[in-house]
Amino acid sequence: MGPVSTSSRGPSASEPGTGATPPRSSRGEAITEPRINDRIRVPEVRLVGPEGEQVGIVPIGEALRLAQDSELDLVEVAPMARPPVVKLMDYGKFKYEAAQKAREARRNQALTVIKEMRLRLKIDPHDYETKKGHVERFLKGGDKVKITVMFRGREQSRPEMGYKLLQRLAGDVADLGVVESNPKQDGRNMVMVIAPHRNQAATDDARRSAKAEKQAASGEQAPPA
């Protein structure tokens, strides 16, 4: 049998012969990459085919031969099993797809800041405009906003008024955000969440940059931020 392709790095000095314990780095941290090909040093393995089919328990030599004949890698996927479970696969392709999924997961888990704005049911027009301005600023900055209407005393018997106020605010900032969580009663409060339109913050930044460049080209002084 000819040599089977393996990773460029040889087995760690601390790597046990049983394959049951993951190898460790010089700092004592577990190495997350699985053992492949001739780094799998156990007498026998439970072999899984490239399509997930169960081949069964076979000697490691036979598993390596099948990997070579198939031009695939033998990858240890369950080192703690008895015997360890290995699978025939294109390891390079597997690592690439795993990295793509990890990047996508990180993008989806990007930190989202939720600001909060509290309103009274009987808010005066000036106060309303001030609060609305804050909400607009938060949305322009790419943040979600939790709007809370607080009821006092008998106001709790008029939830429809709180709903109407929240709907009014949502309509007033509709060009910047969309209602992500509809108004709902929460004890003495009514809560609604507004999320910025996708890429709104980036659009605003681009608009400001273009305006600044235009002013610079015309020799005007940009107004203070």
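Computed from a prediction, not measured in an experiment: that's the story for all the values here.

A few points about the confidence of the model for the chain
Per-residue confidence for the chain averages 79 on the pLDDT scale, and 72% of its residues sit at or above 70. Here residues 1-31 is a poorly scored stretch, pLDDT under 50, and it has 56 contacts once near neighbours within four places are set aside; other chains count. For the stretch residues 220-225, pLDDT sits under 50, and the model shows three contacts to residues farther than four places along the chain or on other chains.

Focus on the nonpolar core
Core analysis: the biggest nonpolar cluster contains 21 residues, and Leu119, Val135, Ile147 and Val149 have the highest contact counts within it. Those elements that place two or more of their residues in this core are β5 (114-120), α3 (125-140), β6 (144-150), α4 (159-172) and β8 (189-196). With near-sequence residues (within four places) excluded, Leu119 lies in contact with Lys131, Ile147, Thr148, Val149, Met150, Leu165 and Leu169. Among the nonpolar cores identified, the runner-up in size contains 12 residues, and Val42, Leu47, Ile60 and Leu64 belong to it.

What to know about the packing of α3 against α4
Their axes nearest at 11 Å, the elements α3 and α4 cross at an angle of 55 degrees. By the angle class used here, α3 and α4 are oblique. In the packing of α3 onto α4, the handedness of the crossing is right-handed. Taken together, the residues of α4 that come into contact with α3 (itself represented by Tyr128, Lys132, Val135 and Glu136) are Leu165, Arg168, Leu169 and Asp172. Its residues assigned to classes, the contact of α3 with α4 shows four nonpolar, no polar and four charged.

Describing the sheet that holds strand β7 (residues 177-186)
Pairing in this open sheet of four strands is mixed, and the strands run β5-β6-β8-β7 from one edge to the other. Since the sheet does not close on itself, it has two edges, and those belong to β5 and β7, each with one partner. Across the sheet, the mean angle from the axis of one strand to that of its neighbour is 20 degrees, orientation sign disregarded. As judged from the seven bridges shared by β7 and β8, these two strands associate in the antiparallel manner. Bridge pairing in β8 links Asp186 to Asn189.

Here's the deal with the pattern of salt bridges
Scanning the model with the defined rule gives seven salt bridges in all. Residue Arg35 pairs with Glu76 through a salt bridge whose shortest N-O separation is 3.1 Å. With a gap of 41 residues between them, Arg35 in the segment before β1 (44-48) and Glu76 in strand β3 (residues 73-78) connect regions that are remote in the sequence. Comparing Arg35 with Glu76, the two get one shared label, buried.

Considerations on the pairing of β3
For a regular strand, side chains alternate in direction, first toward one face of the sheet and then toward the other. As judged from the five bridges shared by β3 and strand β4 (residues 85-89), these two strands associate in the antiparallel manner. Bridge pairing in β4 places Glu76 opposite Val86. Linking two consecutive strands that pair antiparallel, namely β3 and β4, is a turn of six residues.

With respect to helix α1 (residues 60-70)
For α1, the complete set of buried residues consists of Ile60, Ala63, Leu64 and Ala67. Projected onto a plane normal to the axis of α1, the buried residues spread over an arc of 100 degrees and lie on a single side. Buried residues belonging to α1 abut β1, β2 (54-59), β3 and β4. Just downstream of α1 lies Glu71, where phi reads positive at about 55 degrees.

Overview of the pairing of β8
Here β8 lies mainly inside the structure; seven of its eight residues are buried. In this structure, β6 lies alongside β8, joined through six bridges in antiparallel fashion. Paired with Thr148 across the bridge in β8 is Val191. Linkage of β7 to β8, two consecutive antiparallel strands, is achieved through a turn of two residues, within which Gly187 is found at a positive phi near 65 degrees.

Focus: the side chain of Asp73
Counting through the fold element by element, Asp73 comes out in strand β3. It is Lys95 that comes nearest to the buried, bridge-free Asp73 among opposite-charge side chains, at 10.0 Å. Engagement of the side chain of Asp73 in a polar contact is seen with the backbone nitrogen of Tyr91, the distance being 3.1 Å.

So, how was this worked out
- Residues numbered from 1 in each chain as written.
- Predicted model: local features only at pLDDT ≥ 70, side-chain atom pairs only at ≥ 80, totals over all residues.
- Heavy atoms only, no water.
- pLDDT = per-residue confidence, 0-100.
- Contact = heavy atoms within 4.5 Å.
- Core = buried A, V, L, I, M, F, W, Y, C linked by side-chain atoms within 4.5 Å.
- Buried < 20%, exposed > 50% of the residue type's maximum accessible area, 1.4 Å probe, protein only.
- Helix = DSSP H or I, 4+ residues; strand = E, 2+ residues; numbered from the N terminus.
- Axes fitted to C-alpha atoms, helices over the stretch in contact; angles between N-to-C directions.
- Parallel < 35°, antiparallel > 145°, perpendicular 65-115°, else oblique.
- Left-handed = near helix turned anticlockwise from the far one by under 90°.
- Nonpolar A, V, L, I, M, F, W, Y, C, P; charged D, E, K, R; others polar.
- Pairing = 2+ DSSP bridges.
- Salt bridge = Lys/Arg side-chain N within 4 Å of Asp/Glu carboxyl O.
- Arc of directions from axis to C-beta.
- Lys, Arg positive; Asp, Glu negative; His and termini not counted.
- Polar contact = N/O pair within 3.5 Å; in protein donor to acceptor, adjacent residues only side chain to side chain.

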